[in-house]
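# Residue-level structure breakdown
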Amino acid sequence: MALWGGRFSSGPDQAFKQFNDSLPFDYQLAEHDIVGSIAWAGALQQVNVLSEQEHLTIVDGLQQILQEVEADPLSIASAGDEDIHSYVESKLIETIGDLGKKLHTGRSRNDQVATDFRLWSRKTAEQLLKAIAALKSALVTLAERELGTVLPGYTHLQRAQPVLFSHWCMAYFEMLERDEKRLQGALERINVCPLGSGALAGTAYAIDRQKLATDLGFSHATKNSLDAVSDRDFVVELLSCASISMMHLSRLAEDMIFYNSGEAGFLELADSVTSGSSLMPQKKNPDALELIRGKTGRVFGAFSAMMMTLKALPLAYNKDMQEDKEGLFDAMPTWLACIHMAQACIEGVKVNAEKTKQAAQGGHANATELADYLVAKGIPFREGHHIVGELVQLAISQGQNLEQLSLSDFKSVCDVIDDDVYPVLELQACLDARKALGGTSQKQVQFAINQAKQAQRIIVRDATLDDVDAIAGLIQYWAREGENLPRAKSDMVHSINEFAVTEVDGKVCGCASLYIYDTGLAEIRSLGVCPNSEAKGQGRALVNHLLEKGKKLALGRIIVLTRVPGFFAKLGFADSHKSQLPEKVMKDCELCLRKDNCDEVAMDFVIDSAYQQEIPCKVVA
Ligand code: ARG
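Report on the accompanying structure. (Residues numbered from 1 in each chain as written. Predicted model: local features only at pLDDT ≥ 70, side-chain atom pairs only at ≥ 80, totals over all residues. Heavy atoms only, no water.)

### Quick word on the overall build of the chain
Applicable threshold: Each helix is a run of DSSP H or I of at least 4 residues and each strand a run of E of at least 2, with the numbering of both proceeding from the N terminus. Relative accessibility under 20% of the residue-type maximum defines a buried residue, over 50% an exposed one, and the middle range a partly exposed one, all with a 1.4 Å probe and only protein chains included. Any pair of residues with heavy atoms lying within 4.5 Å of one another is described as a contacting pair. We get accessible surface area from the Shrake-Rupley algorithm with a probe of 1.4 Å; when it comes to residues, only the shown protein chains can shield them.
The number of helices and strands found in the chain is 25 helices and 13 strands. Considering only C-alpha atoms, the chain reaches an extent of 100 × 85 × 40 Å along its principal axes. Within the span of the chain, comprising 621 residues, buried residues form 48% of the whole. Considering only residue pairs separated by 6 or more positions, the chain has 74% of its internal contacts joining residues 24 or more positions apart. Accessible surface for the chain amounts to roughly 30,500 Å². Of this, 53% is attributable to carbon and sulfur atoms.

### Quick look at the site of the ligand
Note the threshold: For this purpose, a residue is taken to be near a molecule or strand whenever a single non-hydrogen atom of the residue falls within 4 Å of it. In the analysis that follows, any N or O atom pair within 3.5 Å is treated as a polar contact, provided that within protein one partner can donate a hydrogen and the other can accept it, and provided that, for residues neighboring in sequence, both atoms belong to side chains. Here the term charged refers only to Asp, Glu, Lys and Arg, the term nonpolar to Ala, Val, Leu, Ile, Met, Phe, Trp, Tyr, Cys and Pro, and the term polar to all other amino acids, Gly among them.
Near the ligand, the surroundings consist of Ser 22, Asp 26, Asp 83, His 85, Arg 109, Asn 110, Val 113, Tyr 317, Gln 322 and Lys 325. A distance of 3.0 Å separates a nitrogen atom of the ligand from a polar side-chain atom of Ser 22. Taken by itself the ligand offers 340 Å² of open surface, and the protein chains cover 86% of this. Considering every element that reaches the shell around the ligand, the biggest residue donor is helix 7 (residues 109–145), with 3 residues. Across the shell around the ligand, the residue classes tally to 2 nonpolar, 4 polar and 4 charged.

### What to know about the pattern of salt bridges
For clarity, the cut-off: Should a side-chain nitrogen of Lys or Arg be within 4 Å of a carboxyl oxygen of Asp or Glu, the pair is scored as a salt bridge.
In the structure shown here, the tally under the stated rule is 32 salt bridges. A salt bridge links Asp 420 to Lys 377; the shortest N-O distance between them is 2.9 Å. With a gap of 43 residues between them, Asp 420 in the loop between helix 17 (407–413) and helix 18 (421–425) and Lys 377 in the loop between helix 15 (367–376) and helix 16 (381–397) connect regions that are remote in the sequence. Between Asp 469 and Lys 489 there is a salt bridge whose closest N-O contact spans 2.6 Å. Here Asp 469, found in helix 21 (residues 468–480), pairs with Lys 489, found in helix 22 (residues 489–494); they are 20 residues apart in sequence, far enough to count as distant. On the basis of relative accessibility, which here comes to 44%, the residue Lys 489 falls in the partly exposed class. One network of salt bridges, in which partners are shared, links Glu 82, Asp 83, Arg 109 and Lys 319.

Dropping the structure here:
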């Protein structure tokens, strides 16, 4: 059933219908269309368009459709309706009768599709974030396993300088970390709710759009109805995140294809991610990696197609925008599949450390070391560079590596070279020399691995009611130890909004809260970490999370009272004095048993420099 037959005297031409219909692909939005519709029904009840009973009947009907849809999503695709919105509406009318016709009051397919698509994008982005985290951790595991394996590093695909194989792993870790952050940023902008924007001008019903947004798990409602129905930046952003990340994956794939080649022989891929040739029995082809490399093209294609489609589109909704879906529906699962496949390749790979070492030793990869040696002997670098060039030529003519030249050979080109040159030219010396931050020395690579492992295990997030028991356990423990003030469980429930927690390997292991006084001054309180947790950095993660929250809330100054001033000083807190904190003194200190022999140091973190002066807080009561 079309939603708009009234104005037309004849139906659409069959070819046009086929051309126009989006159900064959937007059926994938079914779940989100129904969830959005349930929230919309709630909003309609609040403005008395639906009675309580009507609301219940509609929600029941929609839930029934949701179950059917979940059981067999593909069957919708060929139902013949114009799009998923028409499909759900006619299904509802079929299920509960004429009452279903009330659901579309005050709503347009334009705000509906924008909402559905954002819900789909949010769910998909969350899946991708998990997949990226898993690939990152596979890379760290490989880096740790292979620590010590030497690899020739390349520039221009010429052997340049030796690096640790683990350094190579951690380079891809860095790229994926950026991909992850980029996607997290995009997710913030995806997570706004266009529902209630109508066709373009807003809805004529007094809908509480903020509540509607919250009901659907969005962070807030969009602010301009014209923009809300025509904004597809989130699609472009997702495709751009996908493209950049696919570019990284394609480079990883290419490196591994080369390392796996017969010529290099550095790696052996697992049977599970390779295939054979129908003709040549000896072959084991790196198909998984080649497909990652190949699929990158189609993700880039979806990105540029979306940019082209949106270019110069007039406000507000235009049917061109229906073209937003197929590209994203294809690109996101492609990206996800490539991440999974890259993980499988990394997890199953065998490294031939003998071969990589041999290759790192060849190709005169220690030539830079020799130049640095000459610099240490007082020869200007440019001159040294030239001398080493001549020595490389000599070595090549003798079919040798630099370190195999005899001392008289060295002296024939430059007589300041002595016996002490040989240790400098050793592979290990070349690696050890790169010991500044970010370099390939074993110490630095181990440091990078440690940092990555720590950050991976610890997640910091705002608390939910599900965390109350864990928080209560931590607070009680530290109160018994005399480190923190006790708090009643009811207080924790009441102030759950103030809390952040850390999770280590999925278990809540730390908590802290940000209490805001009625003057606007804020205090970090109840900071505590499981005494037996080995994951370092939780306290830092909690404080940084709360400082970020403070910035978002436009707080001016955050204080702490602590017995570990050194810890807070490292995080940017400065010494203060209780006399500067009348709010705190009145709230806690007056009642505290240690009132007159308190050993806590008052410190503060100034977010807004206006607070550095005498003004104790932003809100003047
Ligand atoms: N199938 C359409 C799309 O994907 C839904 C919105 C239709 N709106 C309209 N005014 N025809 O964009």
